[in-house]
Each structure stands twice: as structure tokens, then as C-alpha cells.
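# Results of the structural survey
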Amino acid sequence: MERAPRYEFMRPEEIDAVLKTSPVAYIPWGALEWHGLHNCIGLDALKAHAICLDTAKQTGGVVLPPVYAGFQTMKPYRGFKHTIEISAETIQRLLHEYLEQLTDEGFKVLVVLMGHYGKAHVDAVTQVCEEFSKSHPDVVVLAFPEYLVAVDDGVRGDHAGAYETALMMHYYPETVDLSRLPTGRALTVDEDGIGGDDPREKATAQYGRWLAERIVQRLVERVKEALQRIKA
Ligand SMILES: [Zn+2]
């Protein structure tokens, strides 16, 4: 079986081969954050990492280890525990160094796939990527929340709702336990730290698979187009 292109598990000559054929580096960016009683706290980063690995199978490239650094998490927002809030300054600095170093290593298409997407977090990440793109015109930086590539297909992100929970049921079924959720009342952001469609009603592995396929297909298109641009 061919090994997944997980950067941390690759030998130098394997990375050199990727750089020659498809110099793409995927950076799955997430958080350690409350995602309801039914999901694990690394959800955002694990979800982004799994999607990057599926996409890289079709585009080539390497997938960096998930980055667990989220700003504007459920802790300052609604007071939820089991959450590690990282400042915008730290995130921006860390991201800038990843972009600099991956460029120095010879990667030409850098994909920052955000699994965590509070607006202030997305803005902080986007700002760094835009500034980096301006000063490095030979590199293409793609940065967006994972669901955004597939909005035309009807895909919408959420927080620990049916969307995120279904993706976890597809990729990491052993981590989801819907029986942990309360019964007999609606789920809310304030009480449960859950937003979006009700996972008790709509989250299934089959739905998660459909979502993953839509997102991966759209992301493949974006990355292939970026590879064309750097070759032109
Ligand atoms: Zn999330």
C-alpha cells in the first residue's frame, strides 16, 4: 500500500520527488476547542487534516501535521472549558513562519485549510496569507475554511452541528458519541456549544462522506488550477 504523504513521516528523497512533480504543501489549521459533549476537542484540525490527505491523493503534494492553534474559540466567546485559546499575534507569527519555511523548502503552492473559522480567526489568517502573497509573487497561497470551496454544492459549515459531526463520523467514527447529547430539548450555542443543524437528527457517516467528497473535489480543482498558474 502506498503511504500517505504525511510530511512528518516522509524521508528526504520522498519529499524531493514531490517537489519535482507537484510542489504543494497542505497546512491543516485547527484548534483545540469544545465541540459539544459528542465530539473530541481536536475536531477542527483533524477534519482539515483528513480532507487535505484525501485531496493530496489526487493532486500530489505533502500534508503537514495539523496545527492546533485557534483564535476566537468557544472559551472567550461562550466560556466553554476544554479549549486552548491562542492569541491572534501568535497565530499570525506561526503561520508566517510556516509560509516562509515552506517556500524556502521549495514548495510553490501553499494551502492553508482552516478547520476553525470564527471570523476574527479567518481574518487573522487571511491577512498573513495576503501579505505573504504580495511579497512572494512566485508562490500561490490558498487560504479558506474547508466548507467554503463547496458552497456552490450547498455545503455550509457549522460548529459541532450536523455538518462537523457527520464529517467526523465519516473520517473518525470511533470519536463520535451521539448518546452523550441531551434529549428532549433543542441544542443551543449557549448551553451546549453547538451551532448549526441538529446532529441528533442529521449527522450520519453517509452524509459526512457526501460532504467530504464535495469538498475534496472542489479543493482538487482549486489546487490543480494553482499548479497550472505556477507552471505558466
Ligand atoms: Zn469546528
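This report concerns the structure included in the present document. (Residues numbered from 1 in each chain as written. Predicted model: local features only at pLDDT ≥ 70, side-chain atom pairs only at ≥ 80, totals over all residues. Heavy atoms only, no water.)

### Some words on the overall build of the chain
Within the chain, the secondary structure is distributed over nine helices and five strands. Its helices and strands in sequence order give the chain the pattern α-β-α-β-β-α-α-β-α-β-α-α-α-α, from N to C terminus. Taken over C-alpha atoms, the radius of gyration comes to 18 Å for the chain, in line with the 17 Å a tight globule of 232 residues would show. A principal-axis box enclosing the C-alpha atoms of the chain has dimensions of 55 × 40 × 35 Å. By residue count, 51% of the 232 residues in the chain fall in the buried class. Partitioning the intrachain contacts of the chain with sequence separation of at least 6 by distance along the chain shows that 75% fall at a separation of at least 24. Here the chain has roughly 11200 Å² of accessible surface; of this, 52% comes from carbon and sulfur atoms. Between the centroid of the 25 positive side chains of the chain and the centroid of its 34 negative side chains there is a distance of 2 Å. (Helix = DSSP H or I, 4+ residues; strand = E, 2+ residues; numbered from the N terminus. Rg over C-alpha atoms; globule rule 2.2 N^0.38 Å. Buried < 20%, exposed > 50% of the residue type's maximum accessible area, 1.4 Å probe, protein only. Contact = heavy atoms within 4.5 Å. Areas by Shrake-Rupley, 256 points an atom, 1.4 Å probe, with all protein chains shown as cover. Lys, Arg positive; Asp, Glu negative; His and termini not counted. Charge placed at Lys NZ, Arg CZ, Asp CG, Glu CD.)

### Here's the deal with the pairing of strand β4 (residues 109–114)
Of all six residues in β4, six are buried, a share of seventy percent or more. Every second residue of β4 is oriented toward a common face, with Val-109, Val-111 and Leu-113 on one face and Leu-110, Val-112 and Met-114 on the other, all of them buried. Here strand β1 (residues 24–30) runs beside β4; their pairing, made up of six bridges, is parallel. Looking across to β4, one finds that Ala-25 is bridged to Leu-110. Handedness of the crossover joining β4 and strand β5 (residues 140–145) through helix α5 (residues 119–135): right-handed. (Pairing = 2+ DSSP bridges. Right-handed = clockwise from strand over helix to strand, strands pointing away.)

### Structural notes on the coordination of the zinc ion
In this structure, His-35 (NE2), Asp-44 (OD), Glu-164 (OE) and Glu-164 (OE) serve as the protein donors to the zinc ion, at separations of 1.9 to 2.5 Å. For the zinc ion, the four donor atoms in the first shell make angles of 55 to 132° at the metal, a pattern classed as irregular. Spacing between the donor residues of the zinc ion along the chain follows H-x8-D-x119-E. Of the two residues, His-35 is situated in the loop between β1 and α2 (43–59) and Glu-164 in helix α6 (residues 162–171); the sequence distance between them amounts to 129 residues. For the pair His-35 and Glu-164, a shared accessibility class is recorded, and that class is buried. (Donors = N, O, S within 2.8 Å, 3.2 Å for Na, K, Ca; no water. Tetrahedral: all angles 85-135°; square planar, octahedral: opposite > 155°, others 65-115°.)

### Concerning the packing of aromatic side chains
Taken as a whole and assessed by the stated rule, the structure comprises five aromatic pairs. On the numbers, 4.9 Å between centres and 25° between planes, the contact of Trp-34 with Phe-80 is stacked. Pair noted here: Trp-34 is in the loop between β1 and α2 and Phe-80 is in the loop between α3 (74–78) and α4 (88–104), with a separation of 46 residues, a long-range link. The exposure classification of Trp-34 matches that of Phe-80, with both residues buried. (Phe/Tyr/Trp six-rings, centres within 6.5 Å; stacked < 30°, edge-to-face > 60°.)

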